[in-house]
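Read off the chains here:
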Amino acid sequence: MNVDNCPRCGRLYVKNLMNLCQPCIKDLEHEYEICVDYLRKNRGTNIQELSDATEISIKEITRFIREGRISIANAPNMMYPCEVCGTLIRDGHMCDSCRSRLTKDLANAAKETVDKSSTKKASDAAYRAVDKFRN
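Rules and cut-offs
- Residues numbered from 1 in each chain as written.
- Predicted model: local features only at pLDDT ≥ 70, side-chain atom pairs only at ≥ 80, totals over all residues.
- Heavy atoms only, no water.
- Helix = DSSP H or I, 4+ residues; strand = E, 2+ residues; numbered from the N terminus.
- Contact = heavy atoms within 4.5 Å.
- Salt bridge = Lys/Arg side-chain N within 4 Å of Asp/Glu carboxyl O.
- Buried < 20%, exposed > 50% of the residue type's maximum accessible area, 1.4 Å probe, protein only.
- Core = buried A, V, L, I, M, F, W, Y, C linked by side-chain atoms within 4.5 Å.
- Axes fitted to C-alpha atoms, helices over the stretch in contact; angles between N-to-C directions.
- Parallel < 35°, antiparallel > 145°, perpendicular 65-115°, else oblique.
- Left-handed = near helix turned anticlockwise from the far one by under 90°.
- Nonpolar A, V, L, I, M, F, W, Y, C, P; charged D, E, K, R; others polar.
- Phe/Tyr/Trp six-rings, centres within 6.5 Å; stacked < 30°, edge-to-face > 60°.

### Re the side chain of Ser51
Phase 1: With respect to the helices and strands, Ser51 occurs in helix 2 (residues 47–54).
Phase 2: The residues touching Ser51, leaving out its near neighbours within four places in the chain, are Ile56, Ser57, Ile58 and Ile61.

Shown next as structure tokens:
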């Protein structure tokens, strides 16, 4: 039986899919229900207003949205922060500028790797293969 400490409260619990102890799972479900009830009554709210009104952290609300438990399709003002810079976004994990910067950085790193490997000579290697059948 696998046991661990709950990341929210520190209690010892038997590991499960949520990686939380049972009291924390109940608290999380209660927070979710509070968010959903508030959003049903106040469709035009944003994430800061939701957090202030329900006293639930923006981090938890963002978690509910990313898990697909709270849909923002019919909530035009509901956005959550980019994981890199904090800019408010409606889908994914990063805003467009962070995504394009990451793509550019990856392309540059790949280009540098290809450039370094193409300039390296065969004689610089630790071992050389000899083709016995070549004339």
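### Considerations on the pattern of salt bridges
Phase 1: Taken as a whole and assessed by the stated rule, the structure comprises 7 salt bridges.
Phase 2: A salt bridge links Arg63 to Glu60; the nearest nitrogen and oxygen atoms lie 3.7 Å apart. Of the two residues, Arg63 and Glu60 both sit in helix 3 (residues 58–66), 3 residues apart, roughly one turn of that helix.
Phase 3: Exposure remark for Glu60: the relative accessible area of 12% places this residue in the buried category.

### Some points on the nonpolar core
One recurring pattern in soluble globular proteins is that nonpolar side chains are buried together.
Phase 1: By size, the foremost hydrophobic cluster in this structure holds 26 residues, and its most contacted members are Cys35, Ile61, Ile65, Ile70 and Met78.
Phase 2: Elements supplying a minimum of two residues to this core: helix 1 (22–41), helix 2 and helix 3.
Phase 3: For this core, the element with the most residues is helix 1, which contributes 7 residues.
Phase 4: The contacts of Ile70, once residues within four sequence positions are left out, are Tyr32, Cys35, Val36, Leu39, Phe64 and Ile65.

### A word on the packing of helix 1 against helix 2
Phase 1: At a minimum axis separation of 10 Å, helix 1 and helix 2 run at an interaxial angle of 120°. As summarised for this structure, helix 1 and helix 2 are arranged oblique, according to the angle between their axes. Here helix 1 runs over helix 2; the crossing is right-handed. Note on element contacts: helix 2 touches helix 1 through Glu49, Leu50, Ala53 and Thr54, opposite Ile34, Cys35, Tyr38 and Leu39.
Phase 2: A per-class count over the contact of helix 1 with helix 2 returns 6 nonpolar, 1 polar and 1 charged.

### Let's talk about the packing of aromatic side chains
Phase 1: Evaluation of the coordinates by the stated rule reveals 1 aromatic pair.
Phase 2: On the numbers, 5.6 Å between centres and 70° between planes, the contact of Tyr32 with Phe64 is edge-to-face. In this pair, Tyr32 is assigned in helix 1 and Phe64 in helix 3, connecting sequence segments 32 residues apart.
Phase 3: The exposure class of Phe64 is buried, given its relative accessible area of 0%.

### Topic: the packing of helix 1 against helix 3
Packed helix pairs are specified by the crossing angle of their axes together with the interaxial distance, meaning the distance between the axes.
Phase 1: The contact between helix 1 and helix 3 brings their axes to 11 Å, and the two run at 80°. Between helix 1 and helix 3, the angle falls in the class roughly perpendicular. On helix 3, the residues touching Leu28, Glu31, Tyr32 and Cys35 of helix 1 are Glu60, Ile61, Arg63 and Phe64.
Phase 2: The class makeup of the residues in the contact of helix 1 with helix 3 is 5 nonpolar, no polar and 3 charged.

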